[in-house]
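# Structural features, examined
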Amino acid sequence: MLVSLIAAIVAALLYGVASVIQAIAVRAASHKSATDAAGGLDPGLLVRMLHQWRFVASICLDALGFIAQLIALQRLPLFAVQAFVASNLAVTAVLASWVIGVTLSWREWAAVLGVVAGVGLLGSSAGAEGAAQVGAVFKLALIVAIAGLALLGLAAAKLNEPFRTIALGTTAGFGYGVLSIAARVLTGFSPLELARDPAAYAVAAAGIISFMFYATALESGSVTVATAAVVLTETIPPAVIGVVFLGDQTRPGLAVVAWGGFFIAVASAVMLARFGEAHHEEDVKMADAMAHRQPNAGPAACGLLFW
């Protein structure tokens, strides 16, 4: 259990750092100005980002975070792991304030502390995971859900701000939620088992489309708002599915503490999303300046992250 808790914390840290790096990498690869928000998906965006070491580094961090998340899912219920992963928004907010230069108010710092407190309560009261065995219909439903999200994401990309970033982040979040559920119900990790398991294909498809929609949201949207939308929608639905369909539960007598921690963490993430909307133009411009090494590229531009 302790190893899974540590793995969940590591996953949150890695995902949070990767989000900020990706925001800068997206702005560097984008052909849009910091104020140009419309235009649908850009098929060449991912190709251009692949030529940046920052983007490659963020992918490596995401991959390590996913491995840590898989380790956490071995012993912890899905709702606990997802709440821990949700705390990466606090990491994103703090790191963005340092690296990109976005100023956080005392309310936002309080929300960051709320996320930390919520996952702390949750981690201390989460029980063991439920059964991971489900039928083929359940796994095929995950693939159908991914196909539906792909269509929704294409439609979301055509919206104007502020709806575009929120819609794309929400779609990406649902995709990451499906990815977590699919990872939880994998029958094994050997090459033969993965090749035969529909859940493995759901993991791959969910990862690709979710990342593309998230990157598109970051292209001309606030990193905090986009990540908040992702966090909210990748956390709550999998938590419900884990309890209803997979038998996840809390430790005996600590159900109130566990769910209290869950909702504190999620509510704090909502607060960060709300306050982040006020910084929408500010942190997009800051990330854009950071990506192109302009003088106002944030206090860390000439230090640790002189990119």
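This one's a predicted model, so the numbers in the text were calculated from it and none came from an experiment.

Glancing now at the packing of helix α8 (residues 163-184) against helix α10 (residues 198-219). At a closest axis distance of 8 Å, the pairing of α8 and α10 adopts a crossing angle of 160°. Judged on the interaxial angle alone, α10 and α8 are roughly antiparallel. In this structure, α8 meets α10 at a crossing whose hand is left-handed. Across the interface between the two elements, Arg164, Thr165, Leu168, Gly169, Thr171, Ala172, Gly175, Tyr176, Leu179, Ala182 and Ala183 of α8 pack against Ala199, Ala202, Val203, Ala206, Gly207, Ser210, Phe211, Phe213, Tyr214, Thr216 and Ala217 of α10. Taken together, the residues that form the contact of α8 with α10 break down as 14 nonpolar, seven polar and one charged.

Moving on, we get to the nonpolar core. Buried together is how nonpolar side chains tend to be arranged in soluble globular proteins. One finds Leu142, Tyr176 and Tyr214 to be the most contacted residues of the largest nonpolar core, which totals 50 residues. Of all the elements in the fold, those that place two or more residues in this core are α1 (2-29), α3 (53-73), α4 (78-86), α7 (136-156), α8, α10 and α11 (223-245). A total of twelve residues in this core trace back to one element, the largest contributor, which is α10. Setting aside residues no more than four positions away along its own chain, Leu142 makes contact with Val178, Ile181, Ala182, Val185 and Ala202. If you look at the next biggest cluster of nonpolar residues, it comprises nine residues, including Phe79, Ala83, Ala239 and Phe262.

On to the packing of aromatic side chains, then. Geometrically, a pair of aromatic rings is defined through the distance of the ring centres and the angle of the planes. Here the structure, examined in full by the defined rule, presents five aromatic pairs. Here Phe138 and Phe245 contribute two aromatic rings whose centre-to-centre distance is 6.2 Å and whose plane-to-plane angle is 55°, an arrangement assigned as tilted. Linking Phe138 in helix α7 with Phe245 in helix α11, this pair joins segments that are 107 residues apart in sequence. Measuring from centroid to centroid gives 6.3 Å for Trp259 and Phe263, while their planes differ by 35°, and the two rings are tilted. Of this pair, Trp259 and Phe263 both sit in helix α12 (residues 255-278), four residues apart, roughly one helical turn.

As a further point, take helix α6 (residues 106-125). Spanning 20 residues, α6 covers 29 Å between terminal C-alpha atoms, matching the ideal 28 Å at 1.5 Å per step. Along α6, the residues that are buried comprise Glu108, Ala111, Val112, Gly114, Val115, Gly118, Val119, Leu122, Gly123 and Ser125.

Axes are the key here: two packed helices are described by the angle between their axes and the distance separating the axes. One way to put it is that α4 packs onto α6 with a least axis distance of 9 Å and a crossing angle of 155°. Compared by their axis directions, α4 and α6 come out roughly antiparallel. Seen along the crossing, α4 lies across α6 with a hand that is left-handed. Contact residues: α4 offers Phe79, Ala80, Ala83 and Phe84, while α6 offers Val119, Leu122 and Gly123. The residue makeup of the contact of α4 with α6, split by class, is six nonpolar, one polar and no charged.

Relative to the 32 Å expected for 22 residues at 1.5 Å per residue, α10 spans 32 Å between its end C-alpha atoms, a close match to the ideal helical length. With 16 of 22 residues buried, α10 is to be regarded as a mostly interior element. Taking the backbone nitrogen of Ala199 as reference, a side-chain oxygen 3.0 Å away marks Asp197 as the first, capping residue of α10.

Turning our attention to the layout of surface pockets. The computed volume of the largest pocket comes to approximately 650 Å³. Forming the walls of the largest pocket are 28 residues, and the residues nearest its centre are Asp62, Tyr176, Leu179, Gly207 and Phe211. Of all the secondary-structure elements, those providing two or more residues to the lining of the largest pocket are α1, α3, α4, α8, α10 and α11. In terms of residues, the lining of the largest pocket owes the most to one element, α3, which gives seven residues. Classifying every residue of the lining of the largest pocket gives 18 nonpolar, eight polar and two charged.

This brings us to the pattern of salt bridges. In total, this model carries two salt bridges according to the counting rule given. When the shortest N-O distance is used, the salt bridge between Asp197 and Lys139 registers 2.9 Å. Placement of the pair is Asp197 in the loop between α9 (191-196) and α10 and Lys139 in helix α7, with a sequence separation of 58 residues. Taken individually, Asp197 and Lys139 each receive the classification buried, so the pair is uniform in this respect. Here Asp248 ties to Arg184 by a salt bridge, and the two come within 2.9 Å at their closest N and O atoms. Taken together, the positions of Asp248 in the loop between α11 and α12 and Arg184 in helix α8 put the pair 64 residues apart, joining distant regions of the chain. Under the relative-accessibility criterion, Asp248 is labelled buried at 5%.

Calculation notes
- Residues numbered from 1 in each chain as written.
- Predicted model: local features only at pLDDT ≥ 70, side-chain atom pairs only at ≥ 80, totals over all residues.
- Heavy atoms only, no water.
- Axes fitted to C-alpha atoms, helices over the stretch in contact; angles between N-to-C directions.
- Helix = DSSP H or I, 4+ residues; strand = E, 2+ residues; numbered from the N terminus.
- Parallel < 35°, antiparallel > 145°, perpendicular 65-115°, else oblique.
- Left-handed = near helix turned anticlockwise from the far one by under 90°.
- Contact = heavy atoms within 4.5 Å.
- Nonpolar A, V, L, I, M, F, W, Y, C, P; charged D, E, K, R; others polar.
- Core = buried A, V, L, I, M, F, W, Y, C linked by side-chain atoms within 4.5 Å.
- Buried < 20%, exposed > 50% of the residue type's maximum accessible area, 1.4 Å probe, protein only.
- Phe/Tyr/Trp six-rings, centres within 6.5 Å; stacked < 30°, edge-to-face > 60°.
- Expected span 1.5 Å × (residues − 1).
- Polar contact = N/O pair within 3.5 Å; in protein donor to acceptor, adjacent residues only side chain to side chain.
- 1 Å grid on protein atoms, 1.4 Å probe; cavity = no way out; pocket = protein on both sides within 12 Å on 5 of 7 lines; lining within 4 Å.
- Points joined across faces, edges and corners; volume = space filled by probe spheres on them.
- Salt bridge = Lys/Arg side-chain N within 4 Å of Asp/Glu carboxyl O.

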